Amino acid sequence: MRKNKIVRGTQIPKHIAMIMDGNGRWAKKRLLPRSVGHRNGMERMIGLMEHAFDLGVDYMTVYALSTENLKRPQDELNGLFNLIRNHFKEYMGRICARGVKLRILGDVSLLPDDVVQILRESEEETAHYDTGKGVNIALGYGARHEIVYAVNQAIERGEKVTQERFAELLYTGGLPDPDLIIRTGKEVRLSNFLLYQCAYSELYFSEKMFPEFSDKDLDRAIVEYSKRTRRFGKTDEQLTKN
Ligand code: FPP
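Given the structure is predicted, the values throughout are model-derived calculations rather than measurements.

Rules behind the numbers
Residues numbered from 1 in each chain as written. Predicted model: local features only at pLDDT ≥ 70, side-chain atom pairs only at ≥ 80, totals over all residues. Heavy atoms only, no water. Pairing = 2+ DSSP bridges. Helix = DSSP H or I, 4+ residues; strand = E, 2+ residues; numbered from the N terminus. Axes fitted to C-alpha atoms, helices over the stretch in contact; angles between N-to-C directions. Contact = heavy atoms within 4.5 Å. Phe/Tyr/Trp six-rings, centres within 6.5 Å; stacked < 30°, edge-to-face > 60°. Buried < 20%, exposed > 50% of the residue type's maximum accessible area, 1.4 Å probe, protein only. Lys NZ or Arg CZ within 6 Å of the ring centre and 35° of its normal. 1 Å grid on protein atoms, 1.4 Å probe; cavity = no way out; pocket = protein on both sides within 12 Å on 5 of 7 lines; lining within 4 Å. Points joined across faces, edges and corners; volume = space filled by probe spheres on them. Nonpolar A, V, L, I, M, F, W, Y, C, P; charged D, E, K, R; others polar. Salt bridge = Lys/Arg side-chain N within 4 Å of Asp/Glu carboxyl O.

Before going further, it helps to examine the sheet that holds strand β2 (residues 59–66). Read across the open sheet, the 6 strands follow the order β3-β4-β2-β1-β5-β6; overall the sheet is parallel. The open sheet has two free edges, formed respectively by β3 (101–105) and β6 (202–205), since each of these has just one partner strand. Between one strand axis and the next, the sheet turns through 20° on average, direction left out of account. As paired strands, β2 and strand β4 (residues 134–141) are joined by 7 bridges and run parallel to one another. Within β4, the residue paired with tyrosine 63 across the bridge is alanine 138. With respect to the sheet, helix α3 (residues 74–96) is in contact with β2, β3 and β4, its orientation differing from that of β4 by roughly 170°. Against the sheet, helix α4 (residues 113–126) touches β3 and β4, its axis set at about 145° to β3.

As structure tokens, then:
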């Protein structure tokens with residue numbers, strides 16, 4: 001297993017979530033079509049996942065397509081769906097070969113049927129994995145959509161829920177909350193991503209466009225995370241006592 005110097009001695013987050021923003025601007029700056037930006041973004045996504053698991057991260061969750069992104073021009077959406085059609089199994093196969101369990105988060109009924117089939121088949125191949133490592137791809141995902149879905153699940157079952165039970169009804173049910181959420185592409189917002197789960201996540205924003213966010217940039221984010229004091233609402237004194 002490759003260990004990186006920069007992060008030796010630092011606290012590795014168990015669960016990193018990423019808002020992979022800036023593919024379009026990265027491509028535009030190079031006079032390339034947006035689809036090339038997404039293709040490069042997908043390759044970077046896989047590279048970062050490999051690097052994160054090498055470092056000892058347990059879960060990676062990536063925002064690949066939001067419910068709002070589904071309103072984009074059809075040719076851009078087709079480009080993203082074609083990436084899944086042509087490369088998803090091969091690329092995710094590389095990650096899952098490490099015993100990493102794949103989960104798709106979102107309302108897949110919003111996606112084309114053949115794409116859903118690829119996603120479901122890929123998930124099923126890893127359904128029996130129990131290494132405690134997971135990769136979660138948010139597609140057709142919106143946090144408000146997810147919260148309303150969970151509320152309706154509870155109503156349908158006639159359940160009055162606790163916070164813990166409610167968390168189980170979300171798409172992320174059973175996963176730990178993200179310790180660190182990274183957003184690339186200069187914007188400083190969460191854009192409807194993991195709004196229930198992010199209550200105590202550390203946030204990290206990078207000016208880099210996603211295709212240029214390197215393994216070293218991920219190291220930097222982790223080092224910064226490691227320096228933060230996570231008080232979860234407690235005082236410093238309480239933390240040192242425990
Ligand atoms: C937002 O940046 C990014 C997306 C809408 C797509 C993200 C997708 C990938 C990184 C790769 C694809 C992965 C899968 C699994 C299909 P943007 O393109 O809107 O960039 P911009 O803000 O510069 O326009």
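Take unusual backbone geometry next. Located in the positive-phi region is lysine 186, a residue other than glycine, with phi close to 75°. Residue placement: lysine 186 occurs in the loop between β5 (180–183) and β6. A positive phi angle is found at leucine 194, which is not glycine, with a value near 50°. Checked against the element boundaries, leucine 194 lands in the loop between β5 and β6.

All chains considered together, the criterion is met by 7 aromatic pairs. For the pair tyrosine 149 and tyrosine 171, a centre-to-centre distance of 5.0 Å together with 20° between the ring planes defines the contact as stacked. Pair noted here: tyrosine 149 is in helix α5 (residues 143–156) and tyrosine 171 is in the loop between α6 (163–169) and β5, with a separation of 22 residues, a long-range link. Residue tyrosine 149 is classed as partly exposed on the basis of its relative accessible area, which comes to 34%. With a relative accessible area of 14%, tyrosine 171 lands in the buried category. Put simply, the rings of Tyr63, Tyr141, Tyr149, Tyr171 and Phe193 touch in pairs and so form one group of aromatic residues. The aromatic ring of tyrosine 91 is capped on one face by arginine 94, whose charged end is 5.7 Å from the ring centroid.

Okay, the layout of surface pockets next. Considered as a void within the structure, the largest pocket measures approximately 670 Å³ in volume. If you go around the largest pocket, you meet 31 residues; those closest to its centre are Met20, Asn23, Tyr63, Ala64 and Asn69. Per element, the largest residue contribution to the lining of the largest pocket is 6 residues, and it comes from α3. Broken down by class, the residue content of the lining of the largest pocket amounts to 15 nonpolar, 8 polar and 8 charged. Of the volumes computed, that of the second largest pocket is approximately 180 Å³. Looking at the second largest pocket, it is lined by 15 residues, and the ones nearest its centre are Tyr59, Lys101, Arg103, Lys133 and Leu175. Secondary-structure elements contributing two or more residues to the lining of the second largest pocket are β3, α4 and β4. Examining the composition of the lining of the second largest pocket, we find that 3 residues originate from one element, β3, more than from any other. Its residues assigned to classes, the lining of the second largest pocket shows 5 nonpolar, 5 polar and 5 charged.

Attention shifts here to the pattern of salt bridges. Tallied over the full model, the rule gives 21 salt bridges. Aspartate 21 is the salt-bridge partner of arginine 183, the closest N and O atoms lying 3.0 Å from each other. On the criterion of sequence distance, the pair formed by arginine 183 in strand β5 and aspartate 21 in the loop between β1 (15–19) and α1 (23–29) is long-range, its members being 162 residues apart. Among the residues examined, arginine 183 registers a relative accessible area of 5% and is labelled buried. The shortest N-O distance in the salt bridge between arginine 44 and aspartate 215 comes to 3.1 Å.

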